[in-house]
Amino acid sequence: MPIFDCPPGVSILRGSFETIYPELCLDAEIISAWAAVLNYEERLRAPGTPARLFCNAGMLVTTDFEGTEEHRISKFCGGMEAILAQTDNMDIRNLQMVFVMVHYNKHYILVFFNLAQYQILVIDNIKGDVPINIRYSGYVEKVINAFCSYVKNHSPAIAKKLRSTTPVSLKFPWQTMYNGVDCGIFVMRHTETFKGTSVREWNCGLSPERDIMREVLKDESKELCDLRIKYFSKILLSDVNSLRSKLEKEVHEYANLSEDERMENAKTAKERIEFRLNEE
């Protein structure tokens, strides 16, 4: 039974939301729901701030990357039209920034397009100095090609400049060495806070993973856990969720449980969630 539903066809079951539980890999549908929430909130952005568009995690999936270029472009263009139809910016030419979420090898990354400055950035929470085309096995190049093919239909000049742009891997202080479990949360945080500024001006709100001696610090781990709770609430209680009233009723029912019942629920939550996920 879905507990989140909004256009364009984003309907998400309870099981997907259970992957927000700490130490679990996030389901791609949660990132799609987050993109819908951010696109909805863009309507309220402050005057003078850049117009941003957030693509869902299903723009291109593994089978699309393995398929033909013609199929890939067709699928991507259809996705762009569906998302833009639900926003105030019906035309790509009215946008300054576009975020495309990519799921590569069980890892989430962002490909960021700055249409005003003709800039392409790859934003990955895991550090790496391997060239983009090798590190992501050509996935990023295929996303860029699909995006530029869509833009070309509306603004050939912008598409031409983007195609001549070399994508750059963004480096930032809170990047991690091995954390692949929280990559979905990093993507959600990065889409929420990145406005195309320099890294120095980017107020992401996350601490470094390690100190100068490469010892793991605890702050970032706690911050990511807190973000899981924040995003869970924000997505489900967003005005864009047509099932919000149903969830509010469930929250009220949970609040009426005794403290012992809530403690018992919390104690076995992760085991029950992992069991259900393994059953699927």
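Here, the structure is the one placed above.
Residues numbered from 1 in each chain as written. Predicted model: local features only at pLDDT ≥ 70, side-chain atom pairs only at ≥ 80, totals over all residues. Heavy atoms only, no water.

> Could you give me a rundown of the overall build of the protein, with the residues and numbers involved?
Secondary structure assignment for the protein yields 11 helices and 7 strands. Against the 2.2 N^0.38 benchmark of 19 Å for 280 residues, the protein shows a C-alpha radius of gyration of 19 Å, consistent with a compact globule. When the backbone C-alpha atoms are referred to their principal axes, the protein occupies close to 65 × 50 × 40 Å. For the protein, the proportion of its 280 residues judged to be buried stands at 45%. Counting only contacts in the protein whose residues sit at least 6 apart along the sequence, the fraction spanning at least 24 positions is 63%. Of the roughly 14700 Å² of accessible surface on the protein, a fraction of 54% belongs to carbon and sulfur atoms. Averaging the positions of the 34 positive and the 39 negative side-chain charges in the protein gives two centres separated by 6 Å. (Helix = DSSP H or I, 4+ residues; strand = E, 2+ residues; numbered from the N terminus. Rg over C-alpha atoms; globule rule 2.2 N^0.38 Å. Buried < 20%, exposed > 50% of the residue type's maximum accessible area, 1.4 Å probe, protein only. Contact = heavy atoms within 4.5 Å. Areas by Shrake-Rupley, 256 points an atom, 1.4 Å probe, with all protein chains shown as cover. Lys, Arg positive; Asp, Glu negative; His and termini not counted. Charge placed at Lys NZ, Arg CZ, Asp CG, Glu CD.)

> An account of the packing of aromatic side chains is requested, with residue identities and associated values reported.
In total, this model carries 15 aromatic pairs according to the counting rule given. Aromatic side chains Phe-172 and Trp-202 sit 5.5 Å apart centroid to centroid with 65 degrees between the ring planes, which places their arrangement in the edge-to-face category. In this pair, Phe-172 is assigned in the loop between β7 (168-169) and α8 (183-193) and Trp-202 in the loop between α8 and α9 (219-236), connecting sequence segments 30 residues apart. Residue Phe-172 is classed as buried on the basis of its relative accessible area, which comes to 6%. Ring pairs connect the aromatic residues Phe-54, Phe-99, Phe-112, Phe-172, Trp-174, Phe-194 and Trp-202, which therefore count as one cluster. (Phe/Tyr/Trp six-rings, centres within 6.5 Å; stacked < 30°, edge-to-face > 60°.)

> Go over the sheet that holds strand β4 (residues 97-104) with me, naming the residues and quoting the values.
Overall, mixed pairing links the 5 strands, which are arranged β3-β4-β5-β6-β7 in an open sheet. Strands with a single pairing partner mark the edges of an open sheet, and in this sheet they are β3 (52-54) and β7. Bridge analysis of strand β6 (residues 119-123) against β7 gives 2 bridges, and the strand direction is parallel. Within β7, the position partnered with Val-122 by the bridge is Ser-169. Where helix α6 (residues 139-152) meets the sheet, its contacts fall on β4, β5 (107-114) and β6, and the angle it forms with β5 comes to roughly 40 degrees. (Pairing = 2+ DSSP bridges. Axes fitted to C-alpha atoms, helices over the stretch in contact; angles between N-to-C directions.)

> Help me get a handle on α9, residues and values and all.
Compared with an ideal rise of 1.5 Å per residue, which puts 18 residues at 26 Å, α9 spans 26 Å between its outermost C-alpha atoms and is within 8% of the ideal. Those residues of α9 that sit buried are Glu-220, Leu-224, Leu-227, Arg-228, Tyr-231, Ile-235 and Leu-236. On an axial view of α9, the arc spanned by its buried residues comes to 135 degrees, and they lie on one face. Projecting away from the buried face of α9 at angles above 90 degrees are the exposed residues Asp-219, Lys-222 and Ile-229. (Expected span 1.5 Å × (residues − 1). Arc of directions from axis to C-beta.)

> I'd like a rundown of the pairing of strand β2 (residues 10-13), residues and numbers included.
Burial along β2 is one-sided: Val-10 and Ile-12 are buried, and none of Ser-11 and Leu-13, which face the opposite way, are. Sheet analysis places strand β1 (residues 2-6) next to β2, joined by 4 bridges and oriented antiparallel. Bridged to Cys-6 within β2 is Val-10. Where β1 folds back on β2, the antiparallel hairpin that results is connected by 3 residues, among which Gly-9 adopts a positive phi of roughly 70 degrees.

> So what's going on with the packing of helix α2 (residues 28-41) against α8? Residues and values would help.
Orientation of α2 relative to α8, taken along the N-to-C sense of each, is 10 degrees, at an axis distance of 10 Å. Comparing their axes, α8 and α2 come out roughly parallel. Counting all contacts with α2, which are made through Ile-30, Ile-31, Trp-34 and Leu-38, the residues of α8 involved are Gly-184, Val-187, Met-188, Thr-191 and Glu-192. (Parallel < 35°, antiparallel > 145°, perpendicular 65-115°, else oblique.)

> Tell me about helix α7 (residues 156-163), and please be specific about residues and values.
Given 3.6 residues per turn, any residue in an α-helix points the same way as the ones three and four places further on. Looking only at α7, the buried set comprises Ile-158, Ala-159 and Leu-162. Around the axis of α7, the buried residues are gathered within 100 degrees of arc, so they sit on the same side. In α7, the exposed positions that point more than 90 degrees away from the buried face belong to Pro-156 and Lys-160. Considering only its buried residues, α7 is in contact with β5, β6 and α6.

> Could you give an account of the side chain of Asn-39, with specific residues and numbers?
Considering the arrangement of structural elements, one finds Asn-39 in helix α2. Judged by its relative accessible area of 11%, Asn-39 falls in the buried class. With residues up to four places along the chain from it excluded, the contact list for Asn-39 reads Arg-52, Leu-53, Phe-54, Ile-83 and Thr-87.

Limitation: the analysis is restricted to geometry and does not speak to function.
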